[in-house]
Structure formats: structure tokens, C-alpha cells
Amino acid sequence: MPAFIDKITDTLHLSSHKTAFDSKVTVIFVLGGPGAGKGTQCARLVEDFGFCHLSAGDLLRAEQHREGSKYGELIQTCIKEGTIVPMEVTVNLLKNAMSAALAEQRAGDGWADGRGRFLIDGFPRQMDQAEMFERDVGKASAVLFFSTTQEVMLERLLERGKTSGREDDNVESIKKRFNTYKEQTMPVIEHYQKLGKVIEIDSSISIEEVHQKTKAAVTNLLSGST
Ligand code: UDP
Ligand code: MG
């Protein structure tokens, strides 16, 4: 390629730009309101397909409690208030966790020859996070969207709150989380809907039924990419 074209693409950040992980890595975003069943279904999909399951919320909670973290207080406040932690923090945690999983050189379906498959749960919650992740980390093949009513979600979260020990499973935080979900996260889902990447699954029904539907959808998805 002539040097001047190199220069132009460089300036425009076109072909010179690379994501951290290439197309050998399959990424599925898992979205849905708080309490919609993302974590529960992801655990099943790990069993079915050998995914590495990364929950953005869990990674943030771990970082919050990590000794020496400079983000502990910030994360705690955001979680309690149901707001979104600055995306650089979350994207970095996800990127590091993905690198660590790939470095393990796991065996099994989808992990041979530097490949890997990831469920990114509870992320991206805001459009700019989606853009940053896809620009710097990797492209998402699809979005699993667990949809149900606010009543169902509230009931599940309050039930979970009895034992979860989570600082945001109380009515006050839940209301704020619903609000953030509606205002910030729904536009992300709509964006991927326009791209035809969303698989919507009604998660009002039993865990088992939701699992069967999800498993069928993911089987279909992976048959195209592996
Ligand atoms: N969170 C965030 N950025 C993310 C994901 C989560 O800031 O990309 C924060 C946010 O405050 C959210 C909280 O972590 O309300 C809990 O997220 P989690 O995914 O654990 O909640 P869930 O959807 O499972 O109820
Ligand atoms: Mg969760």
C-alpha cells in the first residue's frame, strides 16, 4: 500500500484500527432489566456450551472490594444509586477478564486454536459503552434479550434481596435501576434490534422453559460461527 494511503487511513482511524480480540472470539451480550434472569440463564449456557460468563456487575463488585482499588467508593455509590460506572472502568475489567480466560487455553468446543466464546452479562448498559467495547475490545455477534414485566422483575429482586446481600436489592435502589434501564439501556437494545442482532426471549415463564428456548437460539447462533 502506498505510504500516503497508509497515512490517510491512519488519520481517519480506518483499517489501521484493531480491536483487542479478533474474530476468533465470539461475544454475545446478555441484556434485560434487573431481575430478568440474565445470571441464571447464563449459568445454564455455561453448562451447555462452555462459555466464559462475565457479569459486568460481578466484576465491578469484585473491583469494589479489591484491596488497593481506587474505584471502590465510586463503584459502591453507582451500584447503590443504580447509575452507571464510568465506562472505562467496566470495559477494562471486561477486557482483562477476557484476556485471562483466553490465556488459560481452555479445552472444549469453541476454545481450540486461540478461539473463545463469551457471554457478557449486564453490559452494555449505555450506548457509549457499546461503542467503546466494539471499537476497542471486540464485535458482538448477537444480543440475548430477556424481557419480562416490571412486576415480575420487582418480585424476583425482592426475593433475591432476602439472601443476596446486594446493596441494590431494595425497593429504593430497584426503582432507580428500573429508571436507568429504561432511559439508558433500552436504547442499546433498540440499536441492536435495528441491526437484526437481538434474540428476544420472554423470561416471564419458568427457568426451565426459558432455558430451553435460549439453548435452541444459541445452538442456532453458534452453528453459524463455529
Ligand atoms: N453496572 C455498571 N455498568 C455495567 C454493569 C453494571 O455501572 O456495565 C453497575 C450498575 O450500577 C448496576 C449494578 O452495577 O445497577 C448492578 O449490575 P448487575 O448487572 O449486577 O445487576 P443485574 O442486572 O444483574 O440485576
Ligand atoms: Mg446479574
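What you see is a predicted model, and the numbers here were worked out from it, not measured in a lab.

Quick word on the pairing of strand 3 (residues 116–121)
- Of all 6 residues making up strand 3, 6 are buried, and the element is well covered by its neighbours.
- Side chains Gly-116, Phe-118 and Ile-120 of strand 3 all project onto a buried face; the interleaved residues Arg-117, Leu-119 and Asp-121 project onto the opposite face, where all are buried too.
- As defined by bridge partners, strand 1 (residues 25–32) adjoins strand 3 across 6 bridges and the pair is classed as parallel. Bridge pairing in strand 3 links Thr-26 to Arg-117.
- Sheet topology places strand 2 (residues 52–55) next to strand 3; 4 bridges connect them, and they run parallel. From the neighbouring strand, Cys-52 faces strand 3, where its bridge partner is Phe-118.

Observations regarding the site of ligand 1
- Lys-38, Arg-61, Thr-83, Val-85 and Arg-177 are the nearest of the 21 residues found near ligand 1.
- Arg-166 is positioned with one of its side-chain polar atoms (N or O) 3.1 Å from an oxygen atom of ligand 1.
- With respect to ligand 1, the side chain of Arg-177 contributes an N or O atom lying 2.7 Å from an oxygen atom.
- Protein contact buries 96% of the 530 Å² of open area that ligand 1 shows by itself.
- Placement of ligand 1 is best described as lying within the largest pocket.
- Elements represented by at least two residues in the shell around ligand 1 include exactly helix 3 (56–65) and helix 4 (72–81).
- Across the shell around ligand 1, the residue classes break down as 8 nonpolar, 6 polar and 7 charged.

Regarding the nonpolar core
- Among the nonpolar cores identified, the biggest contains 31 residues, and Phe-29, Met-98, Phe-118, Ile-120 and Phe-133 are the most heavily contacted of them.
- Counting only elements with at least two residues in this core, the list comes to strand 1, strand 2, helix 5 (87–103), strand 3, helix 6 (127–136), strand 4 (142–147) and helix 8 (171–194).
- Here the element with the most residues in this core is helix 5; it accounts for 7 residues.
- In terms of nonpolar packing, the next biggest core, distinct from the first, is built from 18 residues, Ile-28, Val-30, Ala-36 and Val-210 among them.

Some details on the packing of aromatic side chains
- Summed over all chains, the structure comprises 6 aromatic pairs.
- Arranged with centres 6.0 Å apart and planes meeting at 70 degrees, the rings of Phe-29 and Phe-123 form a pair that is edge-to-face. With Phe-29 in strand 1 and Phe-123 in the loop between strand 3 and helix 6, the pair connects residues that are 94 residues apart, well separated along the chain.
- Residue Phe-123 is classed as buried on the basis of its relative accessible area, which comes to 1%.
- Ring-pair connections join several aromatic residues into one group, and the members of that group are Phe-29, Phe-123, Phe-133 and Tyr-192.

So, helix 6
- Residues of helix 6 that are buried: Gln-129, Ala-130, Met-132, Phe-133 and Glu-134.
- The inward-facing, buried residues of helix 6 contact strand 1, helix 5, strand 3 and helix 8.

Remarks on the UniProt feature "binding site: a ribonucleoside 5'-phosphate" (unreviewed entry) in the protein
- On the UniProt side, "binding site: a ribonucleoside 5'-phosphate" (unreviewed entry) is annotated at positions that read Arg-61, Thr-83, Ile-84, Val-85, Gly-122, Phe-123, Pro-124, Arg-125, Gln-129, Arg-166 and Arg-177 here. The named residues occupy 117 residues along the chain; their greatest pairwise C-alpha distance, 23.6 Å, places them well apart from one another. For the largest pocket, the lining residues among the annotations just cited are Arg-61, Thr-83, Ile-84, Val-85, Gly-122, Phe-123, Arg-125, Gln-129, Arg-166 and Arg-177.
- By the secondary structure assignment, Gly-122 is in the loop between strand 3 and helix 6.
- Setting aside its immediate chain neighbours within four residues, Gly-122 contacts Val-30, Leu-31, Lys-38 and Ala-56.
- With respect to the helices, strands and loops of the structure, Arg-177 is situated in helix 8.

Re the layout of surface pockets
- Taken as a whole, the largest pocket spans an internal volume of roughly 920 Å³.
- Taken together, 43 residues form the lining of the largest pocket, with Gly-35, Lys-38, Arg-160, Arg-166 and Arg-177 sitting closest to its centre.
- Contributing elements (two or more residues each) for the lining of the largest pocket: strand 1, helix 2 (38–49), strand 2, helix 3, helix 4, helix 7 (150–164), helix 8 and helix 9 (207–225).
- The dominant element in the lining of the largest pocket, judged by the number of residues it contributes, is helix 3, at 5 residues.
- Each residue belonging to the lining of the largest pocket can be placed in one class, and the counts come to 15 nonpolar, 18 polar and 10 charged.

What counts and how
- Residues numbered from 1 in each chain as written.
- Chains lettered and ligands numbered in written order.
- Predicted model: local features only at pLDDT ≥ 70, side-chain atom pairs only at ≥ 80, totals over all residues.
- Heavy atoms only, no water.
- Buried < 20%, exposed > 50% of the residue type's maximum accessible area, 1.4 Å probe, protein only.
- Helix = DSSP H or I, 4+ residues; strand = E, 2+ residues; numbered from the N terminus.
- Pairing = 2+ DSSP bridges.
- Near = heavy atom within 4 Å.
- Polar contact = N/O pair within 3.5 Å; in protein donor to acceptor, adjacent residues only side chain to side chain.
- Areas by Shrake-Rupley, 256 points an atom, 1.4 Å probe, with all protein chains shown as cover.
- 1 Å grid on protein atoms, 1.4 Å probe; cavity = no way out; pocket = protein on both sides within 12 Å on 5 of 7 lines; lining within 4 Å.
- Sits in = over half its atoms within 2 Å of the grid points.
- Nonpolar A, V, L, I, M, F, W, Y, C, P; charged D, E, K, R; others polar.
- Core = buried A, V, L, I, M, F, W, Y, C linked by side-chain atoms within 4.5 Å.
- Phe/Tyr/Trp six-rings, centres within 6.5 Å; stacked < 30°, edge-to-face > 60°.
- Contact = heavy atoms within 4.5 Å.
- UniProt positions renumbered as here; feature names shortened; annotations may be inferred.
- Points joined across faces, edges and corners; volume = space filled by probe spheres on them.

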